[in-house]
Amino acid sequence: MSKILFVTAPYFCWGVQVVGTWPPLHLAYLAGAALEVGAEARIYDAMNKKHSFENIREEIQRYQPDYVMTLDYLPVTGAISTATVPAALRIMNIAKEVNPNIVTLLGGPHPSFMYEEIYEDRENRVDYILCGEPEQTLKDMIAALPKGEARNVAGIAFRDGDKIVANKRHHHIVKLDDLKPAWHLLDWDDYQYKVAPGGRMASILTSRGCDMGCAFCSQRMFWREDWRCRTPENVIEEIEHLITTYDIKFITLIDPYPTKHRDRWELLLDMLIERNLGVYFLIETRVEDIIRDADILDKYRKAGIIHVYLGAESADKDTLNSLNKGTSFEQNKTALDLLREAEIITEASFMVGFPNETWETIENTIESAKYLNPDIAVFPVVTPFPFTPIYKDMKERIRVFDYSKYNLVTPIIEPYEMTMDEVTQALGTCYMKFYSNKVQEIVELEDGFKRKYMLSAFREMMKDHGEHFDFAGSDMPMHFNTGVMTA
């Protein structure tokens with residue numbers, strides 16, 4: 001029986017990892033696929049255990065796997081997976097140092113598109129890159145490798161002497177209900193939603209793919225403009241399993257677009273309401289679907305959805321058009337107002353650091369965020385990942401080529417009228433000015449779920465603020481320890 005070790009890269013950044021630790025869902029899916037074809041599998045989550053590369057080396061020596069696999073992966077979203085690529089490649093090299101006979105496998109969005117760049121560097125000891133949806137490709141690889149037939153497998157790229165070969169992509173899995181994550185291979189004590197101390201966190205996918213054309217995102221390209229979904233019955237079965245087996249209290253839907261089909265989405269909400277499972281959900285979706293669902297937002301809340309993330313991105317019409325968002329500032333306002341009326345926590349993102357950025361446009365972004373007034377605002381730095389449509393438009397302004405810094409916090413491009421240091425200062429200013437009013441607003445709320453949730457969230461966000469943003473001298477009230485979230 002072959003043994004495969006799945007490893008998460010020990011990568012950490014301020015942002016998605018501040019308020020919680022999420023299980024590596026994509027590796028759980030891959031481990032489930034490996035088990036299905038008779039392999040022995042282990043998941044080593046170095047990221048959430050906060051372990052080092054030396055710890056990874058020791059784990060490989062201990063387990064003695066035949067294969068080691070990792071993805072360019074960060075929890076919750078694939079949007080910033082590029083940042084983990086250097087660490088993922090180092091894991092591949094460590095595996096080869098432990099035992100040159102270990103077969104190294106790499107997957108994820110960045111390697112799927114940038115396999116030539118990876119293989120052009122001879123120091124990268126990656127045997128095979130799994131391009132696109134990986135589960136069936138991995139099963140085919142496990143069957144083919146012992147026979148010496150791996151190079152015939154669809155959906156892989158590899159180096160053949162001086163040539164780089166990419167086989168045709170594998171067809172997409174038709175029935176997502178058939179995928180079974182290996183939940184039992186995870187150490188569930190590692191996954192906590194820090195906003196609610198003691199609340200174990202899980203991540204699930206109810207659908208795959210996105211057919212929207214946002215210029216900064218890889219989802220449409222990675223899934224080849226395809227969108228597939230699981231049945232509501234299958235999703236409910238998985239949620240009940242997670243609750244009863246692992247005592248899960250919070251679940252993040254990491255689908256890029258879970259609400260695409262209203263009938264299916266409403267059926268899922270109705271089933272959640274009927275079962276009254278006592279679990280809370282955090283989701284991301286599009287503003288037009290929130291507007292579409294204005295008449296059923298009460299079902300969102302009754303089903304347990306407490307937190308909705310929306311990509312507002314910009315108040316400037318031309319900027320929104322350049323990002324191909326397909327939405328407007330007015331729609332953003334309407335959606336956020338509707339969610340607020342439904343008593344659902346709102347989070348919205350506002351991009352900064354565009355090539356045409358100035359201090360005036362920064363102030364406009366801040367004022368727009370204040371006007372839209374989400375409960376939580378985040379200000380990601382524009383990051384032209386090399387396989388996204390905006391890369392070509394911004395290529396000449398790129399000044400940072402270390403992929404580990406492509407984390408939506410570090411400036412990557414230099415605006416025409418601002419320095420890179422000024423973009424960093426502007427980022428801190430955005431957070432300072434938005435939250436200087438917001439925290440006081442939340443403190444003054446009537447005591448209840450929202451107040452406790454928001455104060456706890458702010459406390460987690462600001463724990464590490466000194467390392468990333470300089471709020472010294474600001475009038476931001478720092479007395480948000482008055483709230484303790486209890487679910």
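What counts and how
- Residues numbered from 1 in each chain as written.
- Predicted model: local features only at pLDDT ≥ 70, side-chain atom pairs only at ≥ 80, totals over all residues.
- Heavy atoms only, no water.
- Core = buried A, V, L, I, M, F, W, Y, C linked by side-chain atoms within 4.5 Å.
- Buried < 20%, exposed > 50% of the residue type's maximum accessible area, 1.4 Å probe, protein only.
- Helix = DSSP H or I, 4+ residues; strand = E, 2+ residues; numbered from the N terminus.
- Axes fitted to C-alpha atoms, helices over the stretch in contact; angles between N-to-C directions.
- Parallel < 35°, antiparallel > 145°, perpendicular 65-115°, else oblique.
- Left-handed = near helix turned anticlockwise from the far one by under 90°.
- Contact = heavy atoms within 4.5 Å.
- Nonpolar A, V, L, I, M, F, W, Y, C, P; charged D, E, K, R; others polar.
- Pairing = 2+ DSSP bridges.

Focus: the nonpolar core
Right, so step 1: Counting residues in each nonpolar core, the largest one holds 142 residues, and the members touching the most others are Phe 6, Leu 105, Leu 138, Tyr 300, Phe 379 and Tyr 435.
Right, so step 2: For this core, the element with the highest residue contribution is helix H17 (residues 420-443), accounting for nine residues.
Right, so step 3: Core analysis: the second largest hydrophobic core is formed by 15 residues, Met 114, Ile 398, Ile 413 and Met 420 among them.

Focus: the packing of helix H3 (residues 53-63) against helix H4 (residues 85-98)
Right, so step 1: Remark: H3 packs on H4, axes separated minimally by 10 Å, with the N-to-C direction vectors making an angle of 40 degrees. For the element pair H3 / H4, the angle class is oblique. In this structure, H3 meets H4 at a crossing whose hand is right-handed. In this structure, H3 contributes Phe 53, Ile 56, Arg 57, Ile 60 and Gln 61 to the contact, and H4 contributes Ala 87, Arg 90, Ile 91, Ile 94, Ala 95, Glu 97 and Val 98.
Right, so step 2: When grouped by side-chain class, the residues that make up the contact of H3 with H4 number eight nonpolar, one polar and three charged.

Side note on the sheet that holds strand E7 (residues 163-166)
Right, so step 1: Here we have seven strands laid out as an open sheet, ordered E2-E1-E3-E4-E5-E6-E7, and mixed in their pairing. Both edges of this open sheet fall to strand E2 (40-44) and E7, since each of them pairs with a single strand only. Across this sheet, the average inter-strand angle for adjacent strands is 20 degrees, counted without regard to direction.
Right, so step 2: Sheet analysis places strand E4 (residues 103-107) next to strand E5 (residues 128-130), joined by three bridges and oriented parallel. Paired with Leu 106 across the two strands is Ile 129, which belongs to E5.
Right, so step 3: Together, strand E1 (3-7), E2 and strand E3 (67-71) form the strand contacts of H3, whose direction differs from that of E2 by roughly 165 degrees.

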